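Observations on the model geometry
Okay, here's what each chain looks like letter by letter:
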Amino acid sequence: MNAIHTCSQETGIYYKGMEVPWSVNRAELPRDNSLFSSCRHSSGPVSSPSLTMSNPWAKGGGWISVLISGLAVQITILLLWMLLRRFPSSTIYDIGSLITGRFLGKVLALAYVGYFLMVGGTVLVRAAGIINKWILPQTPRWALVSLVAAAAIYLGRGNLRTVARYYVLISFLIPFFGLLILYGYSDVDFSYIFPIGEAGWANIAKGATETVTAMYGFELLLFVYPFVEGKSGGKLKAVSLAVWFVTLFYTFVTLTGLIFFSPEGIQYIPEPVLYMLMTFQVGVVDRADQIFLSIWFPNVTASIISYIYAGANGLGYLFHRGNHKKAIFYAALICLVISLIPQTPAHVDRLSKIVDQLTFVFIGGLPVLLLLLAVLLRKKGGKAC
Amino acid sequence: MLRKWVCWLMIASVFLLPGCWDQDLLKDARLVYAKGYDRSPDGKVIQTLVIRRVTPGEEPKPLNTVHSAVGSTVRDASESNLLKIDNLRFYKFQVELLGESLAKKDLFSYMDVIYRDPEAPLTAKFAVVDGKASDILQQKKVSEKLIGEYLVKLIESGEEQSTFPQETVQSIRPKMLDPGRDFVLPDIKQKGKEVVIKGAAMFHGHRMTGTLDPDQSILFTLLSGEPGKSARFSKKVNPGKVTNPSNYITVSADGRKVKRKMKVNVRRNGEVEVDLEVNLPVTVMEYAQDRLDEEKQVKRLNKTLSKILTEEADEVIGKMKKARCDGLGVGRQLIAYHPEVWKEKKWSRDYPKVRFHPKVKVEIVGSGILN
């Protein structure tokens, strides 16, 4: 509880429920909405469509897989929310202690710190890989990841509101994604997605298990929940809205890729969005993919920063009496080191696979287990402050 | 104090210097403007590059140099060229010529290097050369124009006039990979000191399997529903001497107003029938006999032109069947809307059995400033 009190005072965006005027309350909702959506946004659009479509199962039904996984994410969100609702002033770091006791709780908190930093590192190494592949082949990876780490330290030293403001700032870039991708419709063939369900519904559902892990980001709910003001119902609404916004956006991107490249052709293209943009000439711009990358990179940075921030906060909770500023340096450093470990694309893939599986554990398994325990032991966190 | 400054310097350099690893100065780059590939009799690839240079001096003058190299693969040949020319850069090439000898082999394996390179300009144009690509490129100039520019203009105007289908390096890729669709590329040839339009080259799978004359390739672009800005025909509509120009009419159709309908039907016995209808509103460009204000006359001309073009469309389709080139994407329609029929078919065998019912409807809607 201690940590959260400190945090909430520090961030200043957390008030007592009743004291907040209704209008402010509402005004804050879009912000956390964009925070959630941006999180998921960032690692996604470039590589996620490939995850859907290059899986040998879904074929032309890849876009349906995305919708199904959106549904799965929604269900997961609902479960997470049911857990978090019981402890309205606690992050996942606290909740563990409250349910399982001090020692186990600390172990759990450490595990979540490890998980957040590992996801951050994986997103970082993949982002750097894409930059290396597409625009800066000679630039060493350490230079690229240090740039992101530097930004993370700079922003992370502030409070969560600083990070949220950065999200609001870059959320203005998101419409450009859509606009650039719309260019693809100059040369598409809708017949590629027919017959709908060609691959068989079982296969499409199977494809959804691949897509679901591409929707990283919503797990930050575990950490952000108490910091966002509003009633629990409002928070659920905001997150759900973000989930469906992102799901529909992904569906749109996946669909565009499929009808642009054909289900056959997309199999060999790991970054279909970039590849598609590479063929457009927008006015005087010869290569739209370069523009896209410049818009995309701040988004990825934002998502990496939130993971580092979440990790630093946990470390602060465990070792610095809730002061995350001290932890942000080595949280960023750990992330940086993780991102420098894999040496070949195969290693990166293996890291991604591990993180994918960890996601199921940390987002699916553990919270559900905690929820069950909380219900059985009738544990409940007090009202905030 | 000093420590603080050193710290700031380091941070600043992290932000400013990373660009330097990947700098590639345009002024040093030797840009390839056009490329050509041929196949030598022993199966090697011959790469011919046209490099654009500007002569130094008071009056800078653009200049082309042409280089050739041989290799087992495309990239292998490039390597030999790279040894000869330093700072060779491919990211601005506009057109790629394919010698017929190479186009008749597995094209996809020659294309791999382009699709793999993040710097490759995927909007470049293709053309098949009747003969050797290197012969055309070695000319360096065609009627005062540099060969690279000349070829780009030639292909672009061919596309505008619907003689060439509008394809780029990227746009043919899904068609190459799709079992239910083939593509058609521009076909050019050398004639004396000129380079001229020969028509279109039809592909089946990854190989070139036939050609169309210029008139036929215009009809093909109309039938495929993707004509360029305009489409022009000159047809003999009156009986009488072939040598008398007044027996001919020249009409032009506005590409945007051309309407095409394609319907793929499957009979109960599994036979595939394709109804193909093209509505062609045209304006008369040249008709020495005039009398276009008479309704009867216009109706007769509409009917005659429709009949001629429908017959020619039949010929085009016959040629496409012979080449097994499914340029209209009938197979694609089957995959998408009749998947159970498609599963029964072996397309390269069954495609020629498809029955087409083409119908071109010409309607004269304008006659210039004369009646």
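Residues numbered from 1 in each chain as written. Chains lettered and ligands numbered in written order. Predicted model: local features only at pLDDT ≥ 70, side-chain atom pairs only at ≥ 80, totals over all residues. Heavy atoms only, no water.

**What about the overall build of chain B?**
In terms of regular secondary structure, chain B is built from 12 helices and 16 strands. Its C-alpha atoms put chain B at 95 × 60 × 55 Å along the principal axes. Scored against the burial criterion, the 371 residues of chain B give a buried share of 49%. For chain B, the computed accessible surface area is about 19000 Å², with 53% contributed by carbon and sulfur atoms. In chain B, 63 positive and 50 negative side-chain charges are present, and the distance between their average locations comes to 2 Å. (Helix = DSSP H or I, 4+ residues; strand = E, 2+ residues; numbered from the N terminus. Buried < 20%, exposed > 50% of the residue type's maximum accessible area, 1.4 Å probe, protein only. Areas by Shrake-Rupley, 256 points an atom, 1.4 Å probe, with all protein chains shown as cover. Lys, Arg positive; Asp, Glu negative; His and termini not counted. Charge placed at Lys NZ, Arg CZ, Asp CG, Glu CD.)

**Overview of the pairing of strand β1 (residues 30-39) of chain B**
Residues and elements named next belong to chain B. In terms of residue burial, β1 counts as a mostly covered element, since seven of its 10 residues are buried. Pairing geometry for β1 and strand β4 (residues 88-89), over two bridges, is parallel. Each bridged residue has a counterpart across the sheet, and for R30 the counterpart in β4 is L88. Two elements, β1 and strand β2 (residues 45-55), share seven bridges in a ladder whose sense is antiparallel. The partner of K35 across the bridge, within β2, is L49. From the end of β1 to the start of β2, which pair antiparallel, there are five residues, and G43 there has a positive phi angle of about 85 degrees. In the sheet, β1 pairs with strand β5 (residues 95-99) via four bridges, with the strands oriented parallel. Counterpart to G36 in the pairing with β5 is L97. (Pairing = 2+ DSSP bridges.)

**Examining the packing of helix α4 (residues 92-100) of chain A against helix α14 (residues 288-319) of chain A**
All names here are of chain A. One way to put it is that α4 packs onto α14 with a least axis distance of 10 Å and a crossing angle of 45 degrees. With respect to α14, the axis of α4 lies oblique. Contacts between α4 and α14 involve Y93, D94 and S97 from the former and A310, G311, N313, G314 and Y317 from the latter. When the residues that make up the contact of α4 with α14 are grouped by side-chain class, the tally is three nonpolar, four polar and one charged. (Axes fitted to C-alpha atoms, helices over the stretch in contact; angles between N-to-C directions. Parallel < 35°, antiparallel > 145°, perpendicular 65-115°, else oblique. Contact = heavy atoms within 4.5 Å. Nonpolar A, V, L, I, M, F, W, Y, C, P; charged D, E, K, R; others polar.)

**Quick look at the environment of P56 of chain B**
Residue and element names in this part refer to chain B. In this fold, P56 is placed in the loop between β2 and β3 (61-71). On the basis of relative accessibility, which here comes to 74%, the residue P56 falls in the exposed class. For the pair P56 and P18, spaced 38 residues apart in the sequence, the C-alpha separation amounts to 32 Å.

**Digging into the interface of chain B and chain A**
Facing 25 residues of chain B, the contacting portion of chain A comprises 32 residues. When the buried area of chain B at its contact with chain A is split by residue, W21, D22 and P118 of chain B rank highest and sum to 23% of it. Remark: the boundary between chain B and chain A carries one salt bridge. With a closest N to O distance of 2.8 Å, R181 of chain B and D189 of chain A form a salt bridge. Put simply, chain B and chain A have five residue pairs in polar contact (both at pLDDT 80 or more) between them. Examining the composition of the side of chain B that touches chain A, we find that four residues originate from one element, helix α10 (residues 330-337) of chain B, more than from any other. For the side of chain B that touches chain A, a count of residues per class yields 14 nonpolar, three polar and eight charged. (Buried area = accessible area lost by both parts, 1.4 Å probe. Salt bridge = Lys/Arg side-chain N within 4 Å of Asp/Glu carboxyl O. Polar contact = N/O pair within 3.5 Å; in protein donor to acceptor, adjacent residues only side chain to side chain.)

**Considering the packing of helix α8 (residues 174-182) of chain A against α14 of chain A**
Residues and elements named next belong to chain A. Axis separation between α8 and α14 bottoms out at 10 Å; the angle between their running directions is 155 degrees. Taken together, the axes of α8 and α14 lie roughly antiparallel to each other. Here α8 runs over α14; the crossing is left-handed. Side by side, α8 and α14 meet where I174, F176, F177 and L180 of the first sit next to A288, I291, F292, I295, W296 and N299 of the second. (Left-handed = near helix turned anticlockwise from the far one by under 90°.)

**A closer look at the UniProt feature "transmembrane region" (unreviewed entry) in chain A**
Residue and element names in this part refer to chain A. In this structure's numbering, the residues bearing the UniProt feature "transmembrane region" (unreviewed entry) are residues 63-83, 103-127, 139-155, 167-185, 241-261, 291-315, 327-346 and 358-377. Overall, residues 167-185 shows 74% helix and 0% strand. The separation of its end C-alpha atoms is 29 Å. Within residues 358-377, the helical portion is 95% and the strand portion 0%, while the C-alpha atoms at the span's ends are 26 Å from each other. (UniProt positions renumbered as here; feature names shortened; annotations may be inferred.)

**Notes on the pattern of salt bridges**
All names here are of chain B. All told, the structure shown has 24 salt bridges over all chains when counted by the stated rule. Residue K353 is joined to D350 by a salt bridge in which the shortest nitrogen-to-oxygen separation is 3.2 Å. A relative accessible area of 56% places K353 in the exposed class. Salt bridges linked by common partners bring R267, E271, E273 and R355 together as one network.

**A short note on the domain arrangement of chain B**
All names here are of chain B. Considered domain by domain, chain B is made up of domain 1 (26-212) and domain 2 (221-371). The gap between the C-alpha centroids of domain 1 and domain 2 is 31 Å. With 21 residues of domain 1 in contact, the opposing surface of domain 2 contributes 24 residues. Summing both sides of the interface, domain 1 and domain 2 together bury roughly 1600 Å²; the carbon and sulfur share of this comes to 53%. Contact with domain 2 buries surface across domain 1, with S162, G180 and H204 losing the most and accounting together for 28% of the total. Where domain 1 meets domain 2, there are one salt bridge. One salt bridge connects D178 with R332, and the closest N-O pair in it is separated by 3.0 Å. Along the contact surface separating domain 1 from domain 2 lie 11 residue pairs in polar contact (both at pLDDT 80 or more). Of all the secondary-structure elements, those providing two or more residues to the side of domain 1 that touches domain 2 are α6 (147-160), β10 (194-204) and β11 (207-212). Counting residues per element, the side of domain 1 that touches domain 2 draws most heavily on β11, which supplies four residues. (Domains from an automatic or database assignment.)

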